[in-house]
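Below are the chains, spelled out letter by letter.
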Number of protein chains: 2
Amino acid sequence: MEDYNDKQLSIITVAERLFAEKGFHGTSVRDIAQEADVNIAMISYYFGSKDKLLEAVFRHRMYASRAFINELVQNDTMAPLEKIYSLIDRFINKMLNEQNFQCIMSREQLNKEQSPVRDLIWQLKGEMLGLMRPIVTNAQDAGTFTTDVDVEMLLTTLFGTIHQTIPAQHVLRTYPENAHMNDEEFKEYLRLRLSTHLKKLFKAILTHEF
Amino acid sequence: MEDYNDKQLSIITVAERLFAEKGFHGTSVRDIAQEADVNIAMISYYFGSKDKLLEAVFRHRMYASRAFINELVQNDTMAPLEKIYSLIDRFINKMLNEQNFQCIMSREQLNKEQSPVRDLIWQLKGEMLGLMRPIVTNAQDAGTFTTDVDVEMLLTTLFGTIHQTIPAQHVLRTYPENAHMNDEEFKEYLRLRLSTHLKKLFKAILTHEF
DNA sequence: TTGTTTTAATTAAACGTTTGTTTAACTTTG
DNA sequence: CAAAGTTAAACAAACGTTTAATTAAAACAA
């Protein structure tokens, strides 16, 4: 698994970008072939079909997501809130670094009919929850965090806020006060704003006594 | 404006559902015509094109959204936090009652190329922000709310959390602990869970001293 | 009311493209 | 020489849209 040659990787990369920009059905295999500079037939030859190509795009990023989960620091000297902060920053970085993939996820999770891709999405979300829940519950048992918090909804808030911010970028970019920034500065500005907001939010609800 | 006959309304309603379920490009005009029980040509006849039909679906719901904004209670005897609570509940109700439209919004806001529909979305979001900001800033001036809160991001969190919850329903529904509920009970359970979570979240960040 | 004319609604069929996929011939590689 | 890679061309199916013919409704004059 995961041993793609240059041409295959080029197809996957271009497909990811186009699927993100115009949606799966809004992108034709001819679009992909042209931008990846390969013959149309190569897509079927390497991936079997357009649907299988989408699956390949997914599984490609999924490996990175699995790695992300596994390399979680098990540093027990860290305070619970610091762990949460670290988790938030890692989520933000990951999502801002793979915006195209996150766009596809946002789209595909809306499909009502079951599909391999849809199953993969919710499987991944379940794994992310398994990452966050023990941190919270351990801190709750230790009396550091408040007990009446819905961890599943908290993760939904984390994902939702970041996923909403991704498409909002193009609007924020047009604000006159952001006009002076170049792409790198703007990305950093966005990262900081998201990070600050989410950390405040999580600190408030996790440590605020009602 | 907004004076559609039964057949036109039927087309709009069916189109809204199918666009939400399978996406704009994933839905053919033949699908829509068949489910709405009209001839294919009637879609072009009434709306001009498939794109214009999507616009019609949008403008149709947009009127309701504008009405939603305007009928905001200007009750000044309400405490700021109560106003926020009321706003949250109204957002949740609105979004759960027009899930198909919210699905389409989630999808269409991801499109990178500018379009009339995309413009309408961000225009609407701006208006929602104009609804929430004065409540917060007034309470900040009065010393009731903390001052270091990013209102724009807070609205992003509100939208994002609800928008993430909509597709999550199908997964939640399969949980064994939710199997006993009928559709109405489940919808109420969802509404309550969202409401409780978001109110706690907003109260914590708006009143918690750092 | 009547018959007539104009407008709107509705239809099946056809339009020209574009779609995803396959074929069969060809080139490169090992 | 065999296997893998690559290509232009062709494939049938589906796409959004239009056409031309027909029916229904509305408007109007007698």
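Structure shown above.
As a further point, take the pattern of salt bridges. For the structure on display, the rule yields 26 salt bridges over all chains. A salt bridge links arginine 61 of chain B to glutamate 16 of chain B; the nearest nitrogen and oxygen atoms lie 2.6 Å apart. Of the two residues, arginine 61 of chain B is situated in helix H4 (residues 50-70) and glutamate 16 of chain B in helix H1 (residues 6-22); the sequence distance between them amounts to 45 residues. Exposure remark for arginine 61 of chain B: the relative accessible area of 25% places this residue in the partly exposed category. Take glutamate 16 of chain B: its relative accessible area is 6%, and that puts it in the buried class. The structure contains a network of salt bridges with shared partners spanning Arg17, Glu21 and Glu35 of chain A.

It is worth spelling out the interface of chain B and chain A at this point. The figure often quoted for interface size is the accessible area lost as the parts come together. Taken residue by residue, the interface counts 47 residues in chain B and 47 residues in chain A. Area buried by chain B at its contact with chain A is led by Leu110, Lys112 and Gln164 of chain B, which between them contribute 15% of it. Between aspartate 150 of chain B and arginine 193 of chain A there is a salt bridge, with its nearest N and O atoms 2.6 Å apart. For the pair chain B and chain A, the interface holds 21 residue pairs in polar contact (both at pLDDT 80 or more). Mapped onto the side of chain B that touches chain A, the elements with two or more residues apiece are H1, helix H6 (99-108), helix H7 (116-141), helix H8 (151-174) and helix H9 (183-207) of chain B. Its residues assigned to classes, the side of chain B that touches chain A comprises 17 nonpolar, 17 polar and 13 charged.

What follows is about the protein's contact with DNA strand C. The immediate surroundings of DNA strand C are formed by 16 residues, with Val29, Arg30, Ser49 and Lys50 of chain A together with Tyr45 of chain B found nearest. The sugar-phosphate backbone supplies 50% of the atoms of DNA strand C found within 4 Å of the protein. In this structure, a phosphate oxygen belonging to DNA strand C sits 3.4 Å away from a main-chain N or O atom of threonine 27 of chain A. Asparagine 39 of chain B places a polar side-chain atom, nitrogen or oxygen, 3.3 Å from a phosphate oxygen of DNA strand C.

It is worth spelling out the relation of the copies chain B and chain A at this point. For the pair chain B and chain A, the superposition axis carries a translation of 0.0 Å, the fit reaches an RMSD of 0.0 Å, and the rotation angle comes to 180 degrees. What the superposition gives is, in effect, a two-fold axis relating one chain to the other. By C-alpha distance to the rotation axis, the residue of chain B lying nearest is glycine 160 of chain B, at 1.9 Å. Same-surface contact between copies: 100% of interface residues of chain B are shared with the interface of chain A.

Conventions we followed
- Residues numbered from 1 in each chain as written.
- Chains lettered and ligands numbered in written order.
- Predicted model: local features only at pLDDT ≥ 70, side-chain atom pairs only at ≥ 80, totals over all residues.
- Heavy atoms only, no water.
- Salt bridge = Lys/Arg side-chain N within 4 Å of Asp/Glu carboxyl O.
- Helix = DSSP H or I, 4+ residues; strand = E, 2+ residues; numbered from the N terminus.
- Buried < 20%, exposed > 50% of the residue type's maximum accessible area, 1.4 Å probe, protein only.
- Contact = heavy atoms within 4.5 Å.
- Buried area = accessible area lost by both parts, 1.4 Å probe.
- Polar contact = N/O pair within 3.5 Å; in protein donor to acceptor, adjacent residues only side chain to side chain.
- Nonpolar A, V, L, I, M, F, W, Y, C, P; charged D, E, K, R; others polar.
- Near = heavy atom within 4 Å.
- Least-squares fit on C-alpha atoms with pLDDT ≥ 70 in both.

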